[in-house]
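Listed below are the residues making up each chain.
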Amino acid sequence: MDPSVVLSALVLGISIGSIFLVAALGLAIIYGTAGVINMAHGELIMLGAYTTYTLQTFLGVPFFLCLPLSFCIVALVGIAIERLLIQHLYNRPLDTLLATWGVSLVLMQGVRLIFGSDPKYVQLPAFLSTNLDLGIVNVSVFRIFVVLVAALLVFATWYTFYRTRFGIMVRAVTQNKEMAASFGINSGKTYMLTFAIGAGLAGVAGAMFGGLNIVLPTMGMSYVVEAFLMVVSGGGSLLGTILASGFTGQMQSIFAFIFNDTFARFLIFLMVVIFLRFRPQGLIGSGDTRR
Amino acid sequence: MSITRRKFLKTASVGALALAAPHVWLPGNREAWGATLTAGEPIKVGLLFSLTGGLAVPEEDSTLVMQYAIDEINAAGGINGSPIEPVIVDAKSDFKVYSSKTRELILRDKVTSIFGCYTSASRKAILPIVMQQDNLLFYPTCYEGAECTQNTICTGPLANQHSKDLIPYMVDQFGPRVFFVGSNYVWPKESNKNAKVWLEQANGELLGEEYIPLGSSEFGPVIEKIRAAKPDFIFSTVVGASDIAFHRQFKQAGLKVDSMPIASLTTGEIETKAMGAEFGAGHFLSAPYFQALENPTNEKFVENFLGSPYGKNGTTHYNMEETYTSAYVFKGALEKAIADHGIEDVTPRKIRDAAAGIKLSADVSPEGEVWIDGENFNTWLVPKIGQCQADGSFKIVKEAPEHVAPDPYSIYPDIGKCTADGLLAPDGTLRTDVI
């Protein structure tokens, strides 16, 4: 086989994996710490894309500034959802599942009412629409950009949860809510901020996916399945999600090269099912301390 | 009396069968249309498109343009003095809703015809009901053919008309080596079968054929395969949001539009608007209609439609225009049926029979003169090839010299030929209601 074909498959695998990771990161945080199965995650991604579209089209904000702004705005939406709904349901996981699913429908229809159902698009700076020819491999600049943003988001998330005082509080609440409370940690506020960060990460993901794809009220649905796949097979932890995304991205790329796209997806779903049959707790996850 | 398992199963299966019986459709078992038209009273038609969900992008426009056409017809005096009254339903992009709403439109609202559907899957979901009730479906978009029902009229191009000019044109302009990319469902696969026939006649060479799951937005592997194959052009039947992702990633991956353009059957004005004109510029589309067509009827249609409350999405496109013409085919056919049978005796089936040969002149149809085939009830039309410009509009680069005949079984001569009464097999047997 031609070495440049193999190499471009590997490079593409990294890119696909980083897209999976960006989509899954917010979900992993919310699920991993608060234990909330957030069915509205895809719609938070969609909100991020619409936020970018709105900022860009109506206020003329440049694309790069839209990324942090999308984080903030969708994080605020996340806070609203958490305060109004999810904080009352922390002890009822099945109900949060239904409630967040309801939220997803409300968000989808709400956006449709405001923006209509015709597709919108996010304009990218011209250099992001070019490519980089390295002789043996040819990579699009936008894909490199997504990988870089993914790396940045992972680092920021890791730093927040493992190197700050807030991170210690979050991990304490995750391990034992009552014990943490007895040390004076406000668990309600911790959950709220975690949910906000998770929602904000979905917002950044949406801002980027708007550049790769099309902005539609229904766009979130196509990302949420993959995001859940990564989080569940990763075991709900940050490292597990990164490993699962990287591995699945490579598999997707390699199988698509050898066979075709449809069959590649079939193989991946099959592999995930078999994997979870023998290791239901996922790649990295203790599995027994879930509240 | 004790209930044994066997007795229970027997009773349950008989019960289930009895419950299902009215819903099981057997060919030849048709219900009469339980309504009559009265002179001066409104004529009800159903508009069965998705206003919400994944299919809403093209189908919402179909509903809007139908309302526009109906207003236009009513303002001009209706049909023999009767106004058309649309019954608008939202099919919610859900095939179960398509079929339940079809039943509702026919049985409760007693519509004379249904205008609806965009995907082949939804059409196949509702046709058994339309046929059982002997109603009439106007299917106003392109499709793959290989169907022969006595209850459908289609105003879009069939697979045998769609790519007939496009493939030889592209081979002539760019070279013989081509790569096929499509969404993974029936229409792209059947369209590609037709395209292969034209490709062989043009001495082209097929380098590869790839299908992407519907709705997928990851074209990385396919684009790398295309890069490795180095085709002279790409033939695309990718639909919907995927099509937009494909064009964007094509440019982002550094493929060049002037040396390897995409020749598409789907990427029209609405798609180029959604992807951003810079991603669409230079690529080709084959369709019977473009917003940029220069004729007085189209100029009037574009101006009036975009100025009306229904033109809120800001563009016209081929799917929309095919829907618009279907309203006028309905008008022509119904007027003929009334003249032939008298208004009290008109049924949906008689409207369909009257549609044979109905011609829309160039001052009604924005794409130019079209007419309905008297045997298979698809449309004779002139496919055109447009190239997308930097502003997202299309420039017509080629127009077929004459009308192209629709033939739903052009690549399956062994199966038969679609006639007005049914599918005529080579051995002389006639089958009705073939889907």
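Since we're looking at a predicted model, the values are computed, not measured.

**Topic: the overall build of chain A**
Counting its secondary structure elements, chain A contains eleven helices and two strands. Traced from its N-terminal end to its C-terminal end, chain A shows the element sequence α-α-α-α-β-β-α-α-α-α-α-α-α. For a compact globule of 291 residues, the expected C-alpha radius of gyration is about 19 Å, and chain A comes in at 19 Å, within 12% of that figure. With the principal axes as the frame, chain A shows a C-alpha extent of 60 × 50 × 35 Å. Relative to its 291 residues, chain A shows a buried fraction of 54%. About 12800 Å² of surface is accessible on chain A, with carbon and sulfur atoms providing 73% of the total. Positive and negative side-chain charges of chain A, numbering 15 and 10 respectively, have mean locations separated by a distance of 11 Å.

**What to know about the state of the cysteines**
Residues and elements named next belong to chain B. Taken as a whole and judged by the stated rule, the model has one disulfide over all chains. Residue pairing for C148: its cysteine sulfur links by disulfide to C418, the two sulfurs lying 2.1 Å apart. Its S-S torsion of approximately 80° makes the covalent link between C148 and C418 right-handed. Placement of the pair is C148 in the loop between β4 (137-139) and β5 (152-154) and C418 in strand β16 (residues 417-419), with a sequence separation of 270 residues. Taking the relative accessible area as the measure of exposure, C148 reaches 1% and is therefore buried.

**Digging into the nonpolar core**
Counting 87 residues, the largest nonpolar core has L44, F145, F209 and M219 of chain A as the members making the most contacts within it. The element best represented in this core is helix α1 (residues 3-34) of chain A, accounting for 15 residues. Setting aside residues up to four positions removed in sequence, L44 of chain A forms contacts with N38, V74, V77, I81, L107, A199, A202 and G203 of chain A. Counting 53 residues, the second largest nonpolar core, distinct from the first, contains F290, F301, I338 and L360 of chain B.

**Quick notes on empty space enclosed by the protein**
If a probe as big as a water molecule is rolled over the atoms, it shows which places are left empty. Applying the stated criterion to the full structure yields five cavities of 30 Å³ or more. Counted as a void, the largest cavity has a volume near 140 Å³. Around the largest cavity, the lining is made up of 16 residues, and of these L12, N138, S140 and R143 of chain A together with E224 of chain B lie nearest the centre. Those elements that provide at least two residues to the lining of the largest cavity are α1 and β2 (138-140) of chain A together with α8 (220-229) and α9 (240-252) of chain B. Ranked by residue count, the leading element in the lining of the largest cavity is α8 of chain B, at four residues. Here the lining of the largest cavity is built from residues that sort into seven nonpolar, six polar and three charged. Together, Y143, E147, C148, T149, T152, C154, N376, F377, N378 and C418 of chain B line the second largest cavity. By residue class, the composition of the lining of the second largest cavity is five nonpolar, four polar and one charged.

**Details of the pairing of strand β8 (residues 233-237) of chain B**
Residues and elements named next belong to chain B. Of all five residues in β8, five are buried; the element is thus mostly enclosed. With five bridges connecting them, strand β6 (residues 177-183) and β8 associate as parallel partners. In the sheet register, G182 faces β8, and the bridge partner there is T237. Note: β8 against strand β9 (residues 262-264), three bridges, orientation parallel. The residue bridging F235 from the neighbouring strand is A263, located in β9. As for the winding sense of the linkage, the β-α-β connection from β8 through α9 to β9 is right-handed.

**Focus: the pairing of strand β1 (residues 43-49) of chain B**
Residue and element names in this part refer to chain B. When you tally the buried positions in β1, you get six out of seven residues, the bulk of the element. As paired strands, β1 and strand β2 (residues 84-90) are joined by seven bridges and run parallel to one another. For L47, the partnering residue across the bridge sits in β2 and is I88. With respect to chirality, the unit in which β1 leads through helix α2 (residues 56-75) into the neighbouring parallel β2 is right-handed. By the bridge criterion, four bridges tie β1 to strand β3 (residues 113-116) in an arrangement that is parallel.

**Focus: helix α8 (residues 187-212) of chain A**
Residue and element names in this part refer to chain A. When the terminal C-alpha atoms of α8 are compared, their 38 Å separation across 26 residues agrees well with the 38 Å that a helix rising 1.5 Å per residue should span. Burial analysis of α8 places 23 of its 26 residues in the buried class, the great majority of the element. Two to three positions downstream of the cap, the backbone nitrogen of G188 sits 3.3 Å from a side-chain oxygen, assigning the N-cap of α8 to N186.

**Quick notes on the packing of helix α2 (residues 41-59) of chain A against helix α4 (residues 93-115) of chain A**
Residue and element names in this part refer to chain A. The contact between α2 and α4 brings their axes to 10 Å, and the two run at 25°. With respect to their mutual orientation, α2 and α4 come out roughly parallel. The two elements α2 and α4 meet at a crossing, and its hand is left-handed. From α2, E43, L44, M46, L47, Y50, Y53 and T54 reach across to α4, where they touch S104, L107, M108, V111 and F115.

**Comments concerning the pattern of salt bridges**
Evaluated as defined, the whole model comprises 21 salt bridges over all chains. The closest approach of N and O atoms between D95 of chain A and R92 of chain A, which form a salt bridge, is 2.7 Å. Note that R265 of chain A and D261 of chain A form a salt bridge whose closest N and O atoms lie 3.2 Å from each other. In this pair, R265 of chain A and D261 of chain A both sit in helix α11 (residues 261-278), four residues apart, roughly one turn of the helix. Neither residue differs from the other here; R265 of chain A and D261 of chain A are each classed as buried. Overlapping salt bridges bring together K101, E104, R108 and D109 of chain B as one network.

**Points about the environment of E190 of chain B**
Residues and elements named next belong to chain B. In this structure, E190 sits in helix α7 (residues 186-201). Judged by its relative accessible area of 12%, E190 is buried. Considered as a pair, E190 and A146 are 44 residues apart in the sequence and their alpha carbons are 8.9 Å apart. Residues in contact with E190, not counting those within four places in the same chain, are E144, A159, I411 and Y412.

**What to know about the interface of chain B and chain A**
Facing 36 residues of chain B, the contacting portion of chain A comprises 38 residues. Across the chain B to chain A interface the summed buried area is about 2900 Å²; carbon plus sulfur atoms make up 52%. The three residues of chain B that bury the most area against chain A are E218, R248 and Q252 of chain B, which together make up 21% of that side's buried surface. If you look at where chain B meets chain A, you find one salt bridge.

**A closer look at the domain arrangement of chain B**
Residues and elements named next belong to chain B. Examined at the domain level, chain B breaks down into domain 1 (25-158 + 295-381 + 410-435) and domain 2 (164-264). For domain 1 versus domain 2, the separation of C-alpha centres amounts to 31 Å. Between domain 1 and domain 2, the residue contacts involve seven residues of the former and six residues of the latter. Summed over both partners, the interface of domain 1 with domain 2 comes to about 640 Å²; 64% of that surface belongs to carbon and sulfur atoms. For the interface between domain 1 and domain 2, the tally reads three residue pairs in polar contact (both at pLDDT 80 or more).

**Some details on α8 of chain B**
Residues and elements named next belong to chain B. Burial within α8 is extensive, with nine of its ten residues counted as buried. Buried within α8 we find G220, P221, V222, I223, E224, K225, I226, R227 and A229. Following α8 by one or two positions, K230 adopts a phi angle in the positive range, close to 50°.

Reading the values: rules and limits
- Residues numbered from 1 in each chain as written.
- Chains lettered and ligands numbered in written order.
- Predicted model: local features only at pLDDT ≥ 70, side-chain atom pairs only at ≥ 80, totals over all residues.
- Heavy atoms only, no water.
- Helix = DSSP H or I, 4+ residues; strand = E, 2+ residues; numbered from the N terminus.
- Rg over C-alpha atoms; globule rule 2.2 N^0.38 Å.
- Buried < 20%, exposed > 50% of the residue type's maximum accessible area, 1.4 Å probe, protein only.
- Areas by Shrake-Rupley, 256 points an atom, 1.4 Å probe, with all protein chains shown as cover.
- Lys, Arg positive; Asp, Glu negative; His and termini not counted.
- Charge placed at Lys NZ, Arg CZ, Asp CG, Glu CD.
- Disulfide = S-S within 2.5 Å.
- Core = buried A, V, L, I, M, F, W, Y, C linked by side-chain atoms within 4.5 Å.
- Contact = heavy atoms within 4.5 Å.
- 1 Å grid on protein atoms, 1.4 Å probe; cavity = no way out; pocket = protein on both sides within 12 Å on 5 of 7 lines; lining within 4 Å.
- Points joined across faces, edges and corners; volume = space filled by probe spheres on them.
- Nonpolar A, V, L, I, M, F, W, Y, C, P; charged D, E, K, R; others polar.
- Pairing = 2+ DSSP bridges.
- Right-handed = clockwise from strand over helix to strand, strands pointing away.
- Expected span 1.5 Å × (residues − 1).
- Polar contact = N/O pair within 3.5 Å; in protein donor to acceptor, adjacent residues only side chain to side chain.
- Axes fitted to C-alpha atoms, helices over the stretch in contact; angles between N-to-C directions.
- Parallel < 35°, antiparallel > 145°, perpendicular 65-115°, else oblique.
- Left-handed = near helix turned anticlockwise from the far one by under 90°.
- Salt bridge = Lys/Arg side-chain N within 4 Å of Asp/Glu carboxyl O.
- Buried area = accessible area lost by both parts, 1.4 Å probe.
- Domains from an automatic or database assignment.

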